[in-house]
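Reading the structure
Here is what each chain is made of, one letter per residue.
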Amino acid sequence: MDIDYTIIYSDRKTLNISVERDRSIIVRAPRNTSKEKIEEIVEKKKLWLFEKIHHLQKYPLQKHQKEFVSGETLLYLGRNYKLHVIDKSIPEVVFDHGFYISRDNQSEAHKLFKNWYLAKAKEKVNEYIKGFATDLGVRYNQVLISDLKYRWGSCTPKNNLNFNWRLIKAPVFVIKYIIAHELVHLIEPNHTAKFWNIVSIQVPNYKKAKDWLKAHGDLLEVDF
Ligand SMILES: [Zn+2]
């Protein structure tokens, strides 16, 4: 996945990357540095950047941990749905215009929801990935839905694709973008103009999806 950042050119001699308090990334670069060179350096610093952003998010995020009580809302496909904890004994997680769990299962709700979201994420990724792969004329090996750290998706040199199960919290148009993004990397590994050109053909509103992800980056950091 790509990282959004702002470049500030000046007469300085060396390049510097910093994460501001508002979690935005600023690259300060000498005037004649090419966009590709900057992209390359940012890519190399990715893990460091994510860790830095994660650190800044730690404190506010802890306040939003779910308790899985009635009335709480859970995000699913870009919409918030109310949770109902009911006395009746029902299967683990039931979704019907809202979420239902049995009071008997409340103590393990986090695990149950994680399993449910994981299964739904798998379903959605499988629903869209074949169509995109056919359109792009790419072949992939394995698709894994897992607990990726700080990323929505990734691809390996062996053409295996990984997706973060948390993507199921995002609207469908964003999920499609995340899938297409990783598949396009099988053609073009870097975020070049060519890369974005191919993405834009597959997902014409990809900029809207990028904006959504930028505004909701904290969804990566929490389970629910
Ligand atoms: Zn990418």
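Cut-offs applied
Residues numbered from 1 in each chain as written. Predicted model: local features only at pLDDT ≥ 70, side-chain atom pairs only at ≥ 80, totals over all residues. Heavy atoms only, no water. Core = buried A, V, L, I, M, F, W, Y, C linked by side-chain atoms within 4.5 Å. Buried < 20%, exposed > 50% of the residue type's maximum accessible area, 1.4 Å probe, protein only. Helix = DSSP H or I, 4+ residues; strand = E, 2+ residues; numbered from the N terminus. Contact = heavy atoms within 4.5 Å. Axes fitted to C-alpha atoms, helices over the stretch in contact; angles between N-to-C directions. Parallel < 35°, antiparallel > 145°, perpendicular 65-115°, else oblique. Left-handed = near helix turned anticlockwise from the far one by under 90°. Nonpolar A, V, L, I, M, F, W, Y, C, P; charged D, E, K, R; others polar. Salt bridge = Lys/Arg side-chain N within 4 Å of Asp/Glu carboxyl O. Donors = N, O, S within 2.8 Å, 3.2 Å for Na, K, Ca; no water. Pairing = 2+ DSSP bridges.

1. Some remarks on the nonpolar core
Membership of the largest hydrophobic core comes to 51 residues, with the highest contact counts inside it found for Phe99, Phe113, Tyr117, Phe163, Tyr177, Ile179 and Leu183. Taken together, the elements giving at least two residues each to this core come down to β4 (73-76), β5 (79-86), β7 (99-102), α3 (109-136), β10 (161-164), α4 (172-184), α5 (193-202) and α6 (206-215). With residues up to four places along the chain from it excluded, the contact list for Phe163 reads Val125, Ile129, Val143, Leu144, Ile145, Ser146, Leu148, Trp152, Gly153, Ile178, Ile179 and Glu182. The next biggest cluster of nonpolar side chains, apart from the first, holds 13 residues, and it includes Ile3, Ile17, Val19 and Ala29.

2. A short note on the packing of α4 against α5
At a closest axis distance of 10 Å, the pairing of α4 and α5 adopts a crossing angle of 140 degrees. Classed by the angle they form, the pair α4 and α5 counts as oblique. Between α4 and α5 lies a crossing whose hand is right-handed. Here Tyr177, Ala180, His181 and Val184 of α4 lie close against α5, whose contacting residues are Phe195, Trp196, Ile198, Val199 and Gln202. In the contact of α4 with α5, the residues fall into 7 nonpolar, 2 polar and no charged.

3. Concerning the pattern of salt bridges
Between side chains of opposite charge, a pair can form when the charged atoms approach closely. Under the defined criterion, the tally for this structure stands at 11 salt bridges. Its salt-bridge partner being Glu108, residue Lys111 comes within 3.3 Å of it at the nearest N-O pair. Among the residues examined, Glu108 registers a relative accessible area of 33% and is labelled partly exposed. Connected through salt bridges with shared partners, the residues Lys114, Asp147, Arg166 and Asp223 form a single ionic network.

4. A word on the coordination of the zinc ion
Those donors, His181 (NE2), His185 (NE2) and His191 (NE2), are the protein atoms that reach the zinc ion, and they lie 2.0 to 2.1 Å from it. Counting the intervening residues between successive donors of the zinc ion yields the motif H-x3-H-x5-H. Of this pair, His181 sits in helix α4 while His191 sits in the loop between α4 and α5, and the two are 10 residues apart along the sequence. One exposure class covers both His181 and His191, and it is buried.

5. As for the sheet that holds strand β9 (residues 153-155)
If you trace the 3 strands from one edge of the open sheet to the other, you get β8-β10-β9, paired in mixed fashion. At either end of the open sheet lies a strand with only one pairing partner, and these are β8 (143-146) and β9. Taking each pair of neighbouring strands and ignoring which way they run, the sheet shows an average axis angle of 15 degrees. Judged from the 4 bridges that link them, β8 and β10 form a sheet pairing that is parallel.

6. Notes on unusual backbone geometry
Phi angles above zero are rare outside glycine, and Leu77 is one such case at about 50 degrees. Topologically, Leu77 is positioned in the loop between β4 and β5. You can call Leu77 partly exposed: its relative accessible area is 22%. A positive phi angle, close to 55 degrees, is found at His97, a residue other than glycine. Looking at where His97 falls in the secondary structure, it is placed in the loop between β6 (94-95) and β7. Note on His97: relative accessible area 73%, which makes it exposed.

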